[in-house]
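So the chains spell out like this:
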There are 2 protein chains.
Amino acid sequence: MKDYINLLKKHNLKITPQRLAILKYLDTHYTHPTVDEIYNTLKKTNPSLSKTTVYNSLEILNTHHIIQPLHITGHERRYDLRKDIHHHFLCRSCGNIQDLDINCPNIKKIQEQGYNIEEVHGYFKGICLDCQKREETHK
Amino acid sequence: MKDYINLLKKHNLKITPQRLAILKYLDTHYTHPTVDEIYNTLKKTNPSLSKTTVYNSLEILNTHHIIQPLHITGHERRYDLRKDIHHHFLCRSCGNIQDLDINCPNIKKIQEQGYNIEEVHGYFKGICLDCQKREETHK
DNA sequence: ATTCAATATTGTAATCATTACATTTTATCA
DNA sequence: TGATAAAATGTAATGATTACAATATTGAAT
Ligand SMILES: [Mn+2]
Ligand SMILES: [Mn+2]
Ligand SMILES: [Zn+2]
Ligand SMILES: [Zn+2]
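Fair warning: this is a prediction, and the values are worked out from it, not measured in the lab.

Draft legend 1. Structural context of the relation of the copies chain A and chain B. In the superposition of chain A on chain B (RMSD 0.0 Å, axial shift 0.0 Å), the rotation amounts to 180°. Accordingly, the operation relating the two chain copies is best matched by a two-fold axis. In terms of proximity to the rotation axis, the leading residue of chain A is Gly122(A), whose C-alpha is 2.4 Å off the axis. Mapped onto chain B, 100% of the interface residues of chain A again fall at the interface, so both copies present the same surface.

What follows is the structure in structure tokens.
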């Protein structure tokens, strides 16, 4: 990525240090962070940052389809700079959310049934590979 | 369904009118209702019902895998008496949530990669068939 | 470079869903 | 029919998100 300024310009969004910082954060942390994670980290180098601005910025980036929200945990929103359709795995043990790069043949099928699909969310939950190994060695 | 009493017995859960009413509601309304929808409806015939009881009952039914929660809208929990894996379509226009009876070949693939999968959520959002027709006729 | 209007940021208060908790009631079983 | 553990109830607390009013900044026109 890198050229966040032109990305915002392309969408006729005003270029502000807050938006640039949020875009950069998402671009360098593909961990599907929460609003609080983004806010608390950026607050360190930008002490005047308001949490409302983080919410507002994420909202407008979402409406312009630059980022997408995930509802995988069920109690907090998370954000993803990747805008292509991909699925996610949430580990019950470590809490990490991993990308699953598998293509979903069902999307096409459902569209063929006549549905107009605008969003796809594929969430899998369980124990990730790392945590399984860790449990093994602890026996 | 029908035999909610034995269902609760099988899971060593106490048989209470509240739990029976909630089970019956979910069994006769496969609309993936919210807690408030369940509460407000049952409140009419059971005025002493507490919303906390609805939350508690749904929680214990969930831990016993009798029902499953959906996080499809992103801002409220919904419940489904169907416990088999199936996917859902949320219509942006009418708000209805429909079951999609498609099998997901990715589950097997991800398991083959070593993941231990405990939950699967497939959410699709867009405009449902009925709403598309309605829009057509309104032109 | 300066000015200005539109837009963004900020801080605080409000809202909404959910959870915690103390009290009262009920289900189950001896 | 009690006794006891579990459940139901009502209220208060929490946590994430949104609303809103005041201030500051951006970007374009001068
Ligand atoms: Mn992702
Ligand atoms: Mn369903
Ligand atoms: Zn893990
Ligand atoms: Zn519809």
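Draft legend 2. Structural detail: the coordination of the zinc ion (ligand 3). All names here are of chain A. Each protein donor to the zinc ion (ligand 3) is listed here as Cys91 (SG), Cys94 (SG), Cys128 (SG) and Cys131 (SG); together their distances run 2.2 to 2.4 Å. Coordination at the zinc ion (ligand 3) comes from four donor atoms whose angles at the metal span 106 to 118°, giving a geometry best classed as tetrahedral. Each donor residue of the zinc ion (ligand 3) belongs to the same chain, with the gaps between them written as C-x2-C-x33-C-x2-C. Here the two residues Cys128 and Cys131 agree in accessibility, since each one is buried.

Draft legend 3. View of the interface of chain A and chain B. Counting from both sides, the interface comprises 33 residues of chain A and, opposite them, 33 residues of chain B. Together, the buried faces of chain A and chain B total about 2,900 Å²; carbon and sulfur atoms form 57% of this surface. Of all residues in chain A, Tyr115(A), Phe124(A) and Lys125(A) bury the most surface against chain B, accounting for 22% of the area lost on that side. Summed over the shared surface of chain A and chain B, the number is four salt bridges. Notably, a salt bridge pairs Glu118(B) with Arg92(A), separated by 2.6 Å at the nearest N-O pair. Linking chain A to chain B there are 16 residue pairs in polar contact (both at pLDDT 80 or more).

Draft legend 4. Just the protein's contact with DNA strand C, in detail. Around DNA strand C sit 19 residues in total, of which Thr16(A), Gln18(A), Thr53(A), Tyr55(B) and Arg77(B) are the nearest. What you see for DNA strand C is that sugar and phosphate hold 75% of its atoms within 4 Å of the protein. The side chain of Gln18(A) places a nitrogen or oxygen atom 2.9 Å from a sugar or linking oxygen of DNA strand C. Here Arg19(A) contributes a side-chain N or O atom positioned 3.0 Å from a phosphate oxygen of DNA strand C. For the surface near DNA strand C, the secondary-structure elements that each account for two or more residues are helix H2 (17-28) and helix H4 (51-63) of chain A together with helix H4 (51-63) of chain B. With four residues, the top contributor of residues to the surface near DNA strand C is H4(A). Here the residues of the surface near DNA strand C sort into four nonpolar, ten polar and five charged.

Draft legend 5. The arrangement of the pattern of salt bridges in detail. Under the definition given, this model contains 14 salt bridges over all chains. With a shortest N-O distance of 3.4 Å, Arg82(A) and Asp99(A) are connected by a salt bridge. Residue Arg82(A) is located in the loop between strand S2 (78-80) and strand S3 (87-91), and its partner Asp99(A) is located in strand S4 (residues 97-100); the two are separated by 17 residues in the primary sequence. For Glu119(B), the salt bridge goes to Lys125(A), with nearest N and O atoms at 4.0 Å.

Draft legend 6. Representation of the coordination of the manganese ion (ligand 2) within the structure. Residue and element names in this part refer to chain B. Taken together, the protein ligands of the manganese ion (ligand 2) are His32 (NE2), Asp80 (OD), His86 (NE2), His88 (NE2) and Asp99 (OD), with distances of 2.0 to 2.3 Å. Read from N- to C-terminus, the donor residues coordinating the manganese ion (ligand 2) fall into the pattern H-x47-D-x5-H-x1-H-x10-D. With His88 in strand S3 (residues 87-91) and Asp99 in strand S4 (residues 97-100), this residue pair connects regions lying eleven residues apart in the sequence.

Draft legend 7. Fine view of the packing of H2(A) against helix H3 (residues 35-45) of chain A. All names here are of chain A. Look at H2 against H3: their axes get within 11 Å of each other, and the N-to-C directions meet at 115°. One element, H2, and the other, H3, form an angle in the roughly perpendicular class. Read as a crossing pair, H2 and H3 show a hand that is right-handed. Facing Ala21, Ile22, Tyr25 and Leu26 of H2, the residues of H3 in contact are Glu37, Ile38, Thr41 and Leu42. Residues of the contact of H2 with H3, tallied by class, amount to six nonpolar, one polar and one charged.

Draft legend 8. Structural context of the domain arrangement of chain A. All names here are of chain A. With domains assigned, chain A is organised as domain 1 (1-82) and domain 2 (84-139). A straight line from the C-alpha centre of domain 1 to that of domain 2 covers 22 Å. Counting from both sides, the interface comprises ten residues of domain 1 and, opposite them, 13 residues of domain 2. Taken together, the two surfaces of domain 1 and domain 2 that pack against each other cover about 1,100 Å², and 54% of this comes from carbon and sulfur. Three residues stand out in domain 1 for area buried against domain 2, namely His32, Ile72 and Arg82, and they jointly supply 60% of the buried area on that side. Between domain 1 and domain 2 we count three salt bridges in total.

Scoring rules and cut-offs
- Residues numbered from 1 in each chain as written.
- Chains lettered and ligands numbered in written order.
- Predicted model: local features only at pLDDT ≥ 70, side-chain atom pairs only at ≥ 80, totals over all residues.
- Heavy atoms only, no water.
- Least-squares fit on C-alpha atoms with pLDDT ≥ 70 in both.
- Contact = heavy atoms within 4.5 Å.
- Donors = N, O, S within 2.8 Å, 3.2 Å for Na, K, Ca; no water.
- Tetrahedral: all angles 85-135°; square planar, octahedral: opposite > 155°, others 65-115°.
- Buried < 20%, exposed > 50% of the residue type's maximum accessible area, 1.4 Å probe, protein only.
- Buried area = accessible area lost by both parts, 1.4 Å probe.
- Salt bridge = Lys/Arg side-chain N within 4 Å of Asp/Glu carboxyl O.
- Polar contact = N/O pair within 3.5 Å; in protein donor to acceptor, adjacent residues only side chain to side chain.
- Near = heavy atom within 4 Å.
- Helix = DSSP H or I, 4+ residues; strand = E, 2+ residues; numbered from the N terminus.
- Nonpolar A, V, L, I, M, F, W, Y, C, P; charged D, E, K, R; others polar.
- Axes fitted to C-alpha atoms, helices over the stretch in contact; angles between N-to-C directions.
- Parallel < 35°, antiparallel > 145°, perpendicular 65-115°, else oblique.
- Left-handed = near helix turned anticlockwise from the far one by under 90°.
- Domains from an automatic or database assignment.

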